[in-house]
Amino acid sequence: MERSSYASRSSGELSAAAASGGGRPVRVIPLRHPTEAAARGSASSSSSPPWWRAAVGRARGMGPLEWAEAALPCVAWMRRYRWKEDLQADLAAGITVGVMLVPQAMSYAKLAGLHPIYGLYTGFVPLFVYAIFGSSRQLAVGPVALVSLLVSNVLGGIVNSSSELYTELAILLAFMVGILECLMGLLRLGWLIRFISHSVISGFTTASAIVIGLSQIKYFLGYSVTRSSKIIPLIDSIVSGIDQFSWPPFVMGSTFLAILLIMKNLGKSNKRLRFLRASGPLTAVVLGTIFVKIFRPPAISVVGEIPQGLPMFSIPRGFEHLMSLMPTAVLITGVAILESVGIAKALAAKNGYELDSNKELFGLGIANICGSFFSAYPATGSFSRSAVNHESGAKTGLSGIIMGIIICSALLFMTPLFTDIPQCALAAIVISAVTGLVDYEEAIFLWSIDKKDFFLWMITFMTTLIFGIEIGVLVGVGFSLAFVIHESANPHIAVLGRLPGTTVYRNTLQYPEAYRYNGIVVVRIDAPIYFANISYIKDRLREYELNIPNSNRGLDVGRVYFVILEMSPVTYIDSSAVQALKDLHQEYKARHIQIAIANPNRQVHLLLSRSGIIDLIGAGWCFVRVHDAVQVCLQHVQSSSPSAMKVTPQASDDLTDSIPTSKTEQQHQQRRYDFLKNLWKAQDGNREASGEVQPLLRQNIV
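Residues numbered from 1 in each chain as written. Predicted model: local features only at pLDDT ≥ 70, side-chain atom pairs only at ≥ 80, totals over all residues. Heavy atoms only, no water.

(A) Representation of the overall build of the protein within the structure. Each helix and strand counted, the protein has 31 helices and eight strands in total. Considering the protein as a whole, with its 702 residues, one finds that 51% of them fall into the buried category. Across the protein, every contact between residues at least 6 apart in sequence was considered, and the portion connecting residues at least 24 apart equals 81%. With the model as given, the accessible surface of the protein reaches about 32300 Å², and the carbon-plus-sulfur share is 61%. (Helix = DSSP H or I, 4+ residues; strand = E, 2+ residues; numbered from the N terminus. Buried < 20%, exposed > 50% of the residue type's maximum accessible area, 1.4 Å probe, protein only. Contact = heavy atoms within 4.5 Å. Areas by Shrake-Rupley, 256 points an atom, 1.4 Å probe, with all protein chains shown as cover.)

Following this line, the structure appears as structure tokens:
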């Protein structure tokens, strides 16, 4: 008996088969060729110009004010500033956060291994510059705990913290970070950081918070602890020096930490007590200073003399160490993107304005570059201070200028008062600030929903604790990229079936009741097709051919004759995939299997046409809808199979779902089809809406 082959006839031949009595005609929506669509659209609209022409066109259309806003984002809020409504809110927020920043800045400078005055310098010039060039109106920039730890970690391995070179290199780091941020902003490279998953960031910040807390505990214990970003040397140093333990700093530091945590929690839980959260650091500093001035306890170490006056202009030095500082500068830039841009976007969404992350990066870069000329170390946006700034009602960047004025006043008039601040009070401020970074709840959440992300969180957390911050980041990012590559190289592929009573095709694993037709496999590829995943896709298609999915409708043909590729999720296809599809077509043709393509997007369809895939498969085997492809395949089976008269009742129902049964009904359906087809052609939008194709179906669908 001669073997039947379905790999040679297209849907265009069905009318002939119908005329000869093989079956009723199946009408399908014609899949418009991309070049034809472009030709049709050229009469009404020209093709989109290149990006550079569009940019030049936008630039020519910009007026003086638009140019000013592009160069100086502060012009946008200055033009629309409402003095009566906004000034009071900005004053209140700026004073609140400024009071919070003064003690925090000194604390973070100590964490970075620098004199406390450099923390105040970092909270001075960058604030004014960011208010002018930064696009966020609520972000509070300045020294932060994580960046301070990174500075301490890298510089501690190069030079002693007591030397002048240590300070010079910290200032040089600010200059380098500023240059990198400006370059990333100008080149629009902020998207690179998207490859770091949230679980990696959470694990990294949690481990860093623990290391920061342990590095500050020496001010509670009263003896020196090894400077390290690894937990094992820190714990070993703490345990080995326990015989030098001193009670007075421990009691004082613990008391201040308890006060800070209580005030912080009260400020978060009660809106009317919101001021307590911001005034906590100042309260600890004031109480500690009063206690030291009254009792003069010898066991309590104090900050000591702090220079009075504003920082002088100076060019950063130490450029011979540029290459050794580059990895840390890149890492700090990444932290700046994650911390600053992330919270800036969130605050912009809450306050109802748009924020360009690349402009934000540029603003941060300019702030760091200018700060480096005035003795500042790297500054970035702070989670805690930005949250307080937003909760205090900040409306514009004027709140940042007010913070800078408060730091300026402290530098000019208040530094003599800072001499007797207890070191344990500053340490308590740092520990209180980083407790919010310990995100153990995220680990519990990830364990319950996604073990892969929990593994990422845990591996980043453990490597950061044990091997240090740089290794932890590299391992976390490496595993994150590895998961991205694995998911890309092994995309999700689903076998589809028709939902009863509809023309909708969905994953049969999700909808087991969906109709699956004998001899036809409908496959949806949920990813771009390119060199990295084409082998996996071909293996899965062969698997479906050998292990025929369970079917519950249609003729019992005993094997696969049609493979329908639903390509709507496929956004891109490369030359390797094109060649692989050609090879697959030849293999299928030798085994009498026909490939059909459903719903490719314009770019994919154009590439398939140019590469000859459409001609190879046959233009009649390209469809707008999966349902059209299934109808054609079913009609082929009915018209070509020797057992066509032995159609099962289910198959007969399926076919009558799609094919008119009387001449009168066909004419009625044709009029409705022509009307909706004209409507479909007039639309520029979605060509897959059910209203466009409903005339192809009977009303009594079962």
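Right, picking up where we left off after that structure.
(B) Here's a closer look at the packing of helix α24 (residues 534–546) against helix α25 (residues 575–590). Contact geometry of α24 with α25 gives a least axis separation of 10 Å together with a crossing angle of 20°. Between α24 and α25, the crossing angle belongs to the class labelled roughly parallel. When the axes of α24 and α25 are compared, the crossing they make is right-handed. Along its contact with α24, which presents Ile534, Lys538, Leu541, Arg542 and Glu545, the element α25 presents Ala577, Ala580, Asp583, Leu584, Glu587 and Tyr588. Residue composition of the contact of α24 with α25, grouped by class: six nonpolar, no polar and five charged. (Axes fitted to C-alpha atoms, helices over the stretch in contact; angles between N-to-C directions. Parallel < 35°, antiparallel > 145°, perpendicular 65-115°, else oblique. Left-handed = near helix turned anticlockwise from the far one by under 90°. Nonpolar A, V, L, I, M, F, W, Y, C, P; charged D, E, K, R; others polar.)

(C) Geometry of the nonpolar core. Of all hydrophobic cores here, the largest spans 116 residues; its most connected members are Leu120, Val151 and Leu155. With eleven residues, helix α16 (residues 322–351) is the single largest residue contributor to this core. Dropping the residues within four chain positions of it, Leu155 is found in contact with Tyr166, Leu169, Ala170, Leu173 and Leu325. Formed by 52 residues, the second largest nonpolar core is a distinct cluster that contains Val630, Val632, Cys633 and Leu634. (Core = buried A, V, L, I, M, F, W, Y, C linked by side-chain atoms within 4.5 Å.)

(D) Fine view of the side chain of Ser228. Looking at the element boundaries, Ser228 is found in the loop between α12 (218–221) and α13 (231–240). Its relative accessible area of 17% is what places Ser228 among the buried residues. Within the structure, the side chain of Ser228 is placed 3.1 Å from the backbone nitrogen of Lys230, a separation counted as a polar contact. For Ser228, the residues in contact, after removing those within four places along its chain, are Val211, Pro233 and Leu234. (Polar contact = N/O pair within 3.5 Å; in protein donor to acceptor, adjacent residues only side chain to side chain.)

(E) Broad picture of a nonpolar patch on the surface. On the surface, a cluster of nonpolar side chains totalling about 520 Å² of accessible area is made up of Trp191, Leu192, Phe195, Leu481, Val484 and Ile485. Position of Leu192 among the secondary structure elements: in the loop between α10 (164–186) and α11 (198–216). (Patch = residues over 30% accessible without salt bridge, like charges linked within 9 Å, V, L, I, M, F, W, Y side chains within 5 Å. Salt bridge = Lys/Arg side-chain N within 4 Å of Asp/Glu carboxyl O.)

(F) Examining the sheet that holds strand β5 (residues 520–525) more closely. Spatially, β4-β3-β5-β6-β7-β8 is the arrangement adopted by the six strands of the open sheet, whose pairing is mixed. The sheet is open, and its two borders are formed by β4 (505–507) and β8 (622–623), each paired with just one other strand. Where strand β3 (residues 493–498) lies against β5, four bridges are found, and the strand directions are antiparallel. Each bridged residue has a counterpart across the sheet, and for Ala494 the counterpart in β5 is Arg524. This element, α24, spans β3, β5 and β6 (562–566) of the sheet and lies at about 40° to β3. (Pairing = 2+ DSSP bridges.)

(G) Quick peek at the environment of Ala145. Tracing the backbone through its elements, the reader meets Ala145 in helix α9 (residues 145–156). Given a relative accessible area of 7%, Ala145 falls into the buried group. For Ala145 and Ala433, which are 288 residues apart along the polypeptide, the C-alpha to C-alpha distance reads 8.0 Å. Beyond its immediate chain neighbours, meaning those up to four positions away, Ala145 contacts Tyr108, Leu111, Ile212 and Val434.

(H) Region of interest: helix α26 (residues 602–610). Residues of α26 that are buried: Val604, His605, Leu606, Leu608 and Ser609. N-capping of α26 is provided by Asn601, with a side-chain oxygen placed 3.1 Å from the backbone N of Gln603. Residue Gly612 follows α26 closely and has a positive phi angle near 90°.

Structural measurements only, silent on function.
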